[in-house]
Amino acid sequence: MHLRPRVLVTGGAGFLGSHLCERLLADGSDVLCVDNFFTGAKDHIAPMLTHPHFEFMRHDVTFPLYVEMDQIYNLACPASPVHYQFDPVQTTKTSVHGAINLLGLAKRTKARIFQASTSEVYGDPEVHPQPEEYWGNVNPIGIRSCYDEGKRCAETLFFDYHRQHRLQIKVARIFNTYGPRMHPNDGRVVSNFIVQALRGENITLFGDGTQTRSFCYVDDMIEAFVRFMNSPADLTGPINLGNPKETTISELAEKVIRLTGSCSRIVFRDLPADDPRKRQPNIAKAKEHLDWAPSIELDDGLPRTIDYFRKLLTDRPHLCQ
Ligand code: NAD
Ligand code: UDP
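I will try to describe carefully the structure that is included in this document. Note that this is a predicted model, so its numbers are computed, not measured. (Residues numbered from 1 in each chain as written. Chains lettered and ligands numbered in written order. Predicted model: local features only at pLDDT ≥ 70, side-chain atom pairs only at ≥ 80, totals over all residues. Heavy atoms only, no water.)

1. Describing the packing of helix H6 (residues 189-199) against helix H8 (residues 249-260)
Thinking step 1. Contact pair H6 / H8: the axes reach a minimum separation of 10 Å and the direction vectors enclose 40°. Classed by the angle they form, the pair H6 and H8 counts as oblique. For the pair H6 and H8, the crossing hand works out as right-handed. Contacts between H6 and H8 pair Val189, Val190, Phe193, Ile194, Ala197 and Leu198 from the former with Ile249, Leu252, Ala253, Val256 and Thr260 from the latter.
Thinking step 2. A per-class count over the contact of H6 with H8 returns 10 nonpolar, one polar and no charged. (Axes fitted to C-alpha atoms, helices over the stretch in contact; angles between N-to-C directions. Helix = DSSP H or I, 4+ residues; strand = E, 2+ residues; numbered from the N terminus. Parallel < 35°, antiparallel > 145°, perpendicular 65-115°, else oblique. Left-handed = near helix turned anticlockwise from the far one by under 90°. Contact = heavy atoms within 4.5 Å. Nonpolar A, V, L, I, M, F, W, Y, C, P; charged D, E, K, R; others polar.)

Here you go:
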């Protein structure tokens, strides 16, 4: 181990990745951020570029990467349905070829490797809330499958490399996370509703709004990533990370209207195919093994996110077109 741990963050110019890079630098790591800017942004990493222990490499993880590392956080993958359905074949390649390349790198360098998996591995769940033991209810041929099945296959690869090559793996199943630096146009519900409300546009509620999600603020999530990565080697996961407070999407719409003071109206649109009806993590394992639970509720996290988008709409309105 070097004086400073050498940490690779793939997808480091994205929403979660850029927050993670900042946290790792603050903790004293030497950070290599790798991204192909498919959904990431130079603005997210610009403040870090002058940091003596930060380095950026433009690279697509579907191609092999040869660097020397102690820890790898594999976050590269578009996360919003709009973005991952834009080029579904590339989405599966990013999850599967990306995992193979990074696991190969971990094997060669003996690095510990973290996988940003997802609650989508549970699909449209028949068990509620979802514990890690639940195998899921996933459509293998639908419009969400490129993401869901890609992430499931990546989990398979992580566990086979662990069994076959004794790799130290950390597989996190991340539930809906929100906060500053979400992409304003990525179609995810929190960013959509806030941007629509700030502009006084109609709030687009898909379906009847009774479907649920459980939203975790980004700072809570990054804390969990770091605790998990540095936990004992035998804690491989998969481990659920998210906020167990469940909210209907119509409650979220009303909250955003109230907190922005917007005069926007709610309009109803068709529910997209395979849209999960409910989602809530069981985080008993994270509580027990990482001594972690989210501390920032929607009423605290949403105003911080609204402030971010308010500033973005003022300073860089073209990014939100
Ligand atoms: P994001 O889209 O903001 O970030 C993903 C980053 O990966 C972007 O910077 C993008 O340019 C980069 N990327 C995509 N394909 C790449 C490739 N082939 N090579 C190199 N870089 C590539 O999304 P996010 O919300 O920050 O999500 C980060 C990770 O967490 C993803 O793996 C996602 O699946 C997972 N995740 C996120 C959530 C959430 O709610 N945010 C939930 C579950 C899982
Ligand atoms: N949603 C909505 N209006 C929007 C965007 C999303 O009602 O403008 C709904 C969507 O149908 C889903 C929920 O909000 O039921 C969460 O969607 P998101 O894309 O943020 O995440 P995911 O479905 O991947 O959890």
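2. Quick notes on the nonpolar core
Thinking step 1. Leu20, Tyr73, Phe114, Phe225 and Leu241 are the most contacted members of the largest nonpolar core, which has 59 residues in total.
Thinking step 2. With eight residues, helix H7 (residues 218-229) is the single largest residue contributor to this core.
Thinking step 3. Non-local contacts of Leu241, meaning those with residues more than four positions away in its chain, are made with Ala172, Arg173, Ile174, Phe175, Met221, Ala224, Phe225, Ala286, Leu290 and Trp292.
Thinking step 4. Formed by 25 residues, the second largest nonpolar core is a distinct cluster that contains Val34, Met69, Phe158 and Val171. (Core = buried A, V, L, I, M, F, W, Y, C linked by side-chain atoms within 4.5 Å. Buried < 20%, exposed > 50% of the residue type's maximum accessible area, 1.4 Å probe, protein only.)

3. Looking at the sheet that holds strand S3 (residues 54-58)
Through backbone hydrogen bonds, the strands of a sheet pair up, either in parallel or in antiparallel fashion.
Thinking step 1. An order of S3-S2-S1-S4-S5-S6-S11 is seen for the seven strands of this open sheet, with the pairing classed as parallel. Whereas interior strands pair on both sides, the edge strands pair on one side only; in this sheet they are S3 and strand S11 (239-241). Averaged over all pairs of adjacent strands, the angle between their axes in this sheet comes to 20°, without regard to strand direction.
Thinking step 2. Both strand S1 (residues 6-10) and strand S4 (residues 71-74) contribute to a ladder of four bridges, which runs parallel. The partner of Thr10 across the bridge, within S4, is Asn74.
Thinking step 3. In the packing of helix H4 (residues 88-109) onto the sheet, contacts are made with S1, S4 and strand S5 (112-118), and the angle to S4 comes to roughly 170°.
Thinking step 4. Those strands touched by H7 are S4, S5, strand S6 (169-174) and S11, and its axis lies near 160° from that of S6. (Pairing = 2+ DSSP bridges.)

4. Digging into the environment of Leu259
Thinking step 1. Relative to the helices and strands, Leu259 resides in helix H8.
Thinking step 2. In this structure Leu259 comes out as partly exposed when scored by relative accessible area, which is 27%.
Thinking step 3. Setting aside its immediate chain neighbours within four residues, Leu259 contacts Asp299, Leu302, Pro303 and Ile306.

5. Quick word on the site of ligand 2
Thinking step 1. Taken together, the neighbourhood of ligand 2 is formed by 18 residues, with Asn192, Thr204, Arg213, Asp275 and Arg279 sitting nearest.
Thinking step 2. Within the side chain of Arg213, one N or O atom sits 2.7 Å away from an oxygen atom of ligand 2.
Thinking step 3. Relative to its unbound accessible area of 520 Å², ligand 2 is 95% covered by the protein chains.
Thinking step 4. Put simply, the parts of the chain that give the shell around ligand 2 at least two residues each are H6 and strand S8 (203-206).
Thinking step 5. Split by residue class, the shell around ligand 2 holds seven nonpolar, five polar and six charged. (Near = heavy atom within 4 Å. Polar contact = N/O pair within 3.5 Å; in protein donor to acceptor, adjacent residues only side chain to side chain. Areas by Shrake-Rupley, 256 points an atom, 1.4 Å probe, with all protein chains shown as cover.)

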